[in-house]
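# An overview of the molecular structure
Listed below, chain by chain, are the residues.
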Amino acid sequence: MLRYLGEDPDREGLAKTPERYARAMLFFTKGYTEEVANVVNDAIFTVDSREIVMVKDIEIFSLCEHHLVPFTGKIHIGYIPDGRVLGLSKLARIAEVYARRLQVQERLTQQVADAVQQILKPHGVGVVIEAKHMCMIMRGVQKSDAVTTTCCMTGVLQHEGKARDGFEFRLARS
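All values derive from a computational prediction rather than experimental measurement.

One pass over the full model with this rule turns up 6 salt bridges. Between Glu96 and Arg100 there is a salt bridge, with its nearest N and O atoms 3.0 Å apart. The exposure class assigned to Arg100 is buried, which follows from its relative accessible area of 10%. A salt bridge links Asp145 to Lys132; the nearest nitrogen and oxygen atoms lie 3.9 Å apart.

Annotation from UniProt places "domain: GTP cyclohydrolase I" (unreviewed entry) at residues 1-167. The span residues 1-167 is 36% helical and 28% strand by assignment, and the distance between its end C-alpha atoms comes to 47 Å.

We now examine the nonpolar core. Inside soluble globular proteins, nonpolar side chains tend to come together where they are buried. Counting residues in hydrophobic clusters, the biggest one holds 33 residues, and the most contacted among them are Ile75, Ile77, Tyr79, Ile94 and Val112. The set of elements that each furnish at least two residues to this core consists of α2 (36-40), β2 (53-64), β3 (70-80), β4 (84-86), α3 (88-99), α4 (105-120) and β6 (124-133). In terms of residue count, α4 provides more of this core than any other element does, 7 residues in total. Excluding residues that lie within four positions of it along the chain, Tyr79 makes contacts with Glu51, Ile52, Val53, Arg84, Val85, Leu86, Leu91, Val116, Leu120, Pro122, Gly124 and Val125. Residues Ile52, Met153, Ala163 and Phe167 belong to the second largest nonpolar core, which totals 9 residues.

Conventions we followed
- Residues numbered from 1 in each chain as written.
- Predicted model: local features only at pLDDT ≥ 70, side-chain atom pairs only at ≥ 80, totals over all residues.
- Heavy atoms only, no water.
- Salt bridge = Lys/Arg side-chain N within 4 Å of Asp/Glu carboxyl O.
- Buried < 20%, exposed > 50% of the residue type's maximum accessible area, 1.4 Å probe, protein only.
- UniProt positions renumbered as here; feature names shortened; annotations may be inferred.
- Helix = DSSP H or I, 4+ residues; strand = E, 2+ residues; numbered from the N terminus.
- Core = buried A, V, L, I, M, F, W, Y, C linked by side-chain atoms within 4.5 Å.
- Contact = heavy atoms within 4.5 Å.

Below, the structure is given as structure tokens:
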């Protein structure tokens, strides 16, 4: 690739770039070597609550599978428990497993919602991602302020207006 760009891969600043790049890509895509079950471990707890649990503004970094350039943003994850809750940091760790793969934002949103639904079997899950895509900023349309928002709702958050309104209210609050 360096030769294709017109560079000398043997010059001092580039001599070790292929190895550094390979190590960086392994880190950027470490989600392929992680399992959600191992990340969650034993952090599921019994509670008597049906109120929304939400963690907002979890930073995520991923690579667009179409261009291999980053997209970054925030993921907001909420659910309505059915007798069990997850340690709060585990929601961020679940997001990290899926974000650290070659992705499209739409699939990432769905994967996180499905994982929380499968692990806890809550009454409903809501996941919203707001991200900026470098493929839109650095190339193509070159729009630096464009934010892409994706949303996935399951269970009562998908089917019951009152539950969804509660999720959206909490999401809108700073």
